[in-house]
Every structure is written in structure tokens, then in C-alpha cells.
Amino acid sequence: MVLNETYTLSNGVRTPKLGLGTWFIDDDKAARAVVDAVGIGYRNIDTAQAYGNERGVGEGVRSSGVARDELFVSSKLAAEIKNYADAAAAIDGSLATMGLDHIDLMLIHSPQPWADFRGGDYADGNREAWRALEDAYRAGKLRSIGVSNFEQHDLDNILAACTVAPQVNQLLVHVGNTPADLIAYCESKDILVQAYSPIAHGEILNNQDVAAMADRYGVTVPQLCIRYTLQLGTLPLPKTANPEHMRSNAQVDFVISDDDMHTLRNMEQFRDYGDAGKFPVFSGK
């Protein structure tokens, strides 16, 4: 079962192959979602400073009834933080807000602030934020460190100056949005790609071609989409607070054929994210 499987990061830390995303889960509902997920068997929980629910996620982790060292908890520096001092303070802030003595993975949420997503050059600021992550990593506050939404040139900027290479790059990956070249580049640098919004924030449920393929496998559209990202070698982070969806999302013990993977990989670019379309992680500037 996928909930019992792991990837091994470049520093030797193991991370469960399927995680729970918590974007859009309100802080007062996050603890319940985490407790439910852990009860179902999830051991990988993803949050971010920008989600506004680190407190609730931390509460859920602490009250889950599972030993802390059995859980893999991720968070992300706010995208606007592009200097060392603010990054170092924010890392300590996340630890305090979550009530944890360490975070298993901390990412730079974006190479640009959201208000300038895919816009200006923040190379120096990203190096400064990265240096803060490195220092917190060496201090034992963080077990692994990485980035999110980083393109190849953004990664190269960090790799050229770092003393600890990024272990993860969390990207928007789903049927209809498969950045194959970037995934391959990350693999070549031993950087694990995490796939956020593997179900295209639910909008892909309206795609008839994907639905027809899911029917052929006797699975749901979300199950097909999650399995697709797993077979790409990425780590999917489907978001839900619904325990039934959590269970269903983990029932992906089937194999998509090479021909169908080719079809899904080359599916026309998916651009309609419905209500989520206004968010920079989807729409750009």
C-alpha cells in the first residue's frame, strides 16, 4: 500500500510517498484533518506559513497518537521572505507556531513573492533565504530542506552557491500540466519532486477523457491522477479534509499502462482552475 512506501532523499532521510496537502484547510479545522489522516495511515503532512494553518497542523501532529518521529511534517517560508534575518526568524516562528522541536522539510515557497510571481529577479534574496535554511538544517531544526515552484534557472542559482543542495522541489504537477523537462532536471540533481494539486484543484473532475480512462481502470479520476504522479516518480500531495477522500486517495495500488501514461503526459495543457484560478500558484501574475 502506498501509505507504507517511502522515497529516500539525497541526505538519506526517508519520506512517505503520499502526503496530505492542507492548502485551503482553515486553521480551526486543520487539527481534525491531520488526526483523521494519521488515523487512516498518512504519515506525511504538508503545510506552509502562507496557508495560515500551521498552528492547527501542529496541534493535529501533537494529538495524533502517533510518535513524532513516525511523522514527516513539511512547511514553507512565506514567498515574500528574501533575506537571511527574516528567513531565520520565520523558521523559528514556524517551530513555535506548530509547537514542534523540528520540522522534517522546510521549503522556500516561491522564487518570487506572489505579487510578482514569475516576474523579477530575486536571485540574491533566494540565496539569503537558502542560507538561513542551511543553518537551521545544520542546527537540527530542519531534517531536510528544499524549494517550491523553482524553475531550472532558480535551482541553478541555489546550486551554484549552496553548501547543502536542495533535496526537494515542490511543483504544480498533474494531468494536463506535466513539466517533464523540469522533473527530469530535478532527477538529474537528485532532487525529489513533490506534486501539489495532483487533481488540478478538483477541476480535472470535469474532463471527460480522463474520466473515461479512469472508468477503464475501475478507479476514480482522483485515483487515476494520483497514480499518474506516482508513476512519474513524484510525491503527490492531494488536499482534502474529508476522511473518505483521504482513504480513496490512498487506494492507488494499480498500474497505468505505458500507452496511457503517454496519453496523460501529453494531454493538452490544462488552464481552467475555476475558483482557484486567481491564485498565483496557478495563474501566474
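Please read these numbers as outputs of a predicted model, since none were measured by experiment.

### Overview of helix α2 (residues 54-62)
Regarding α2, the residues found buried are E54, G56, V57, G58, G60 and V61. Considering only its buried residues, α2 is in contact with α1 (27-40), β4 (44-46), β5 (72-77) and α3 (84-98).

### Some thoughts on the pairing of strand β8 (residues 168-172)
Taking burial as the measure, the 5 residues of β8 include 5 buried ones, the bulk of the element. The two faces of β8 match: V168, Q170 and L172 on one face and N169 and L171 on the other face are all buried. Looking at chain direction, strand β7 (residues 145-148) and β8 are connected through 3 bridges and run parallel. Bridging from a neighbouring strand, S148 pairs with Q170 of β8. Regarding the hand of the β-α-β motif, the stretch spanning β7, helix α5 (residues 152-159) and β8 is right-handed. Two strands pair when backbone bridges link them, and β8 and strand β9 (residues 192-196) are joined in this way by 5 bridges, in the parallel orientation. Considered in β9, the bridge of L172 is made with Y196. After leaving β8, the chain enters helix α6 (residues 180-188) and then returns to the sheet as β9, a path that is right-handed.

### Notes on the environment of A37
As for its placement among the helices and strands, A37 is situated in helix α1. Between the C-alpha atoms of A37 and A241, which are 204 residues apart in sequence, the distance is 8.4 Å. With residues up to four places along the chain from it excluded, the contact list for A37 reads L20, Y42, I45 and M246.

### Considerations on the UniProt feature "domain: NADP-dependent oxidoreductase" (unreviewed entry) in the chain
Annotation from UniProt places "domain: NADP-dependent oxidoreductase" (unreviewed entry) at residues 17-266. Annotated as 43% helix and 13% strand, the span residues 17-266 places its first and last C-alpha atoms 24 Å apart.

### Topic: the sheet that holds β8
Strands sit in the order β3-β4-β5-β6-β7-β8-β9-β10 across an open sheet of 8 strands; the sheet is parallel. Each of the sheet's edge strands pairs with one partner strand only, and the pair in question is β3 (20-21) and β10 (235-237). Of the pairings in the sheet, the one linking β5 to strand β6 (residues 105-108) comprises 4 bridges and is parallel in character. Considered in β6, the bridge of S74 is made with L105. The strands touched by helix α4 (residues 123-138) are β5, β6 and β7; relative to β7, the strand with the most contacts, the crossing angle is about 150°.

About the thresholds
Residues numbered from 1 in each chain as written. Predicted model: local features only at pLDDT ≥ 70, side-chain atom pairs only at ≥ 80, totals over all residues. Heavy atoms only, no water. Buried < 20%, exposed > 50% of the residue type's maximum accessible area, 1.4 Å probe, protein only. Helix = DSSP H or I, 4+ residues; strand = E, 2+ residues; numbered from the N terminus. Contact = heavy atoms within 4.5 Å. Pairing = 2+ DSSP bridges. Right-handed = clockwise from strand over helix to strand, strands pointing away. UniProt positions renumbered as here; feature names shortened; annotations may be inferred. Axes fitted to C-alpha atoms, helices over the stretch in contact; angles between N-to-C directions.

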